[in-house]
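Descriptive structure summary
Letter by letter, the chains look like this.
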Amino acid sequence: SVLIVIDVQPGFGPPNAVVARIAWLAGVATALGIPVLVTEEDPARNGPTAPQILARVPAGTTAIVKPVFGLADTLGILACVEALGRRTVVLAGFETDVCVTHSALGLLDRGYRVAVVTDATGSPGEMHELGLRRMRDAGASLVHAKGVYYEWVRTLGAARAFEAANPDLTDPPGFSL
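Let us look at the structure shown here.

The rules behind each value
Residues numbered from 1 in each chain as written. Predicted model: local features only at pLDDT ≥ 70, side-chain atom pairs only at ≥ 80, totals over all residues. Heavy atoms only, no water. Helix = DSSP H or I, 4+ residues; strand = E, 2+ residues; numbered from the N terminus. Expected span 1.5 Å × (residues − 1). Buried < 20%, exposed > 50% of the residue type's maximum accessible area, 1.4 Å probe, protein only. Pairing = 2+ DSSP bridges. Right-handed = clockwise from strand over helix to strand, strands pointing away. Contact = heavy atoms within 4.5 Å. Axes fitted to C-alpha atoms, helices over the stretch in contact; angles between N-to-C directions. Salt bridge = Lys/Arg side-chain N within 4 Å of Asp/Glu carboxyl O.

Topic: helix 5 (residues 96-109)
- Its 14 residues give helix 5 an end-to-end C-alpha distance of 18 Å, which sits within 8% of 20 Å, the value for a rise of 1.5 Å per residue.
- Among the 14 residues that make up helix 5, ten are buried, leaving the element largely enclosed by the rest of the structure.
- Residues of helix 5 that are buried include every one of Thr 96, Cys 99, Val 100, Thr 101, Ser 103, Ala 104, Leu 105, Gly 106, Leu 107 and Leu 108, and no others.

Structural data, given as C-alpha cells:
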C-alpha cells in the first residue's frame, strides 16, 4: 500500500490528537518501508504541513501542492501514486468531508482500493461522520490507525520485531489498555 497524508496544515485547524495520530501512522509507514506521499492545499493561505508529520516521513519528502480538492485530479500527484505501482491507498488527513472524500472518490474511480483511517482524519462537527459515510457508501474501507498497523506488520513475530526496533511507535497516540 501507500499512505497519503492529505492537507495536515494549520489553516484547517486540525485537532492536536488527530495530527499526532497521523504523525504516528506516517512514522510506522516509514519504518516499514511503505511509501508516504504528503499533499498541501494552498500553502500560502493554509500554511505548511505540520512539522510533526514531516519529522516522521522519509528524509527529502516534500509536500505536493494540490490545487483541487481531490488528489487524483492533480496529474502530478496521480503520476506519483501510479509510479509506486501500489493498488491500495491508505488516506489520512483533512478535511474528511471535502479533500479526503474527493480524493477517495477519484482514486476509487481509477480502480484503486481505498482505506480511510477514521481516527486519523477530521472535519468540524458532523461533517467528519458525513464524509466517512459517503466514502464507505462509494466503496472505501473504513479502518482505524491501530488496525492499519497490524495489517502492515501482519504477524506476531513482525510486530514484536517492529516494537523492539521502534519503541516510540508501539501504540497510536490516545490508545491505552
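That was the structure; now back to the text.
Let's talk about the pairing of strand 5 (residues 113-122)
- Among the ten residues in strand 5, seven count as buried, and that is most of the element.
- For strand 4 (residues 88-94) and strand 5, the ladder comprises six bridges, and the chain directions are parallel. Pairing of Leu 91 across the sheet is with Val 116, part of strand 5.
- Following the backbone out of strand 5, through helix 6 (residues 127-138) and into the adjacent parallel strand 6 (residues 141-143), one traces a crossover that is right-handed.

So, the sheet that holds strand 6
- With respect to topology, six strands assemble into an open sheet ordered 3-2-1-4-5-6, the strand pairing being parallel. The outermost strands of the open sheet, each flanked by one partner alone, are strand 3 (64-65) and strand 6.
- Contacting strand 1 (2-6), strand 2 (36-40), strand 3 and strand 4, helix 4 (residues 75-84) runs over the sheet at an angle of about 175 degrees to strand 2.

Quick look at the pattern of salt bridges
- Within the structure shown, the criterion is met by seven salt bridges.
- One salt bridge connects Asp 7 with Lys 66, and the closest N-O pair in it is separated by 2.9 Å. Pair noted here: Asp 7 is in the loop between strand 1 and helix 1 (16-32) and Lys 66 is in the loop between strand 3 and helix 4, with a separation of 59 residues, a long-range link.
- Among the residues examined, Lys 66 registers a relative accessible area of 0% and is labelled buried.
- The shortest N-O distance in the salt bridge between Asp 119 and Arg 21 comes to 3.8 Å. With a gap of 98 residues between them, Asp 119 in strand 5 and Arg 21 in helix 1 connect regions that are remote in the sequence.
- Look at Asp 119 and you get partly exposed, because its relative accessible area is 23%.
- Taken together, the shared-partner salt bridges connect Asp 7, Glu 41 and Lys 66 into one network.

Distances and angles like these do not, on their own, reveal function.
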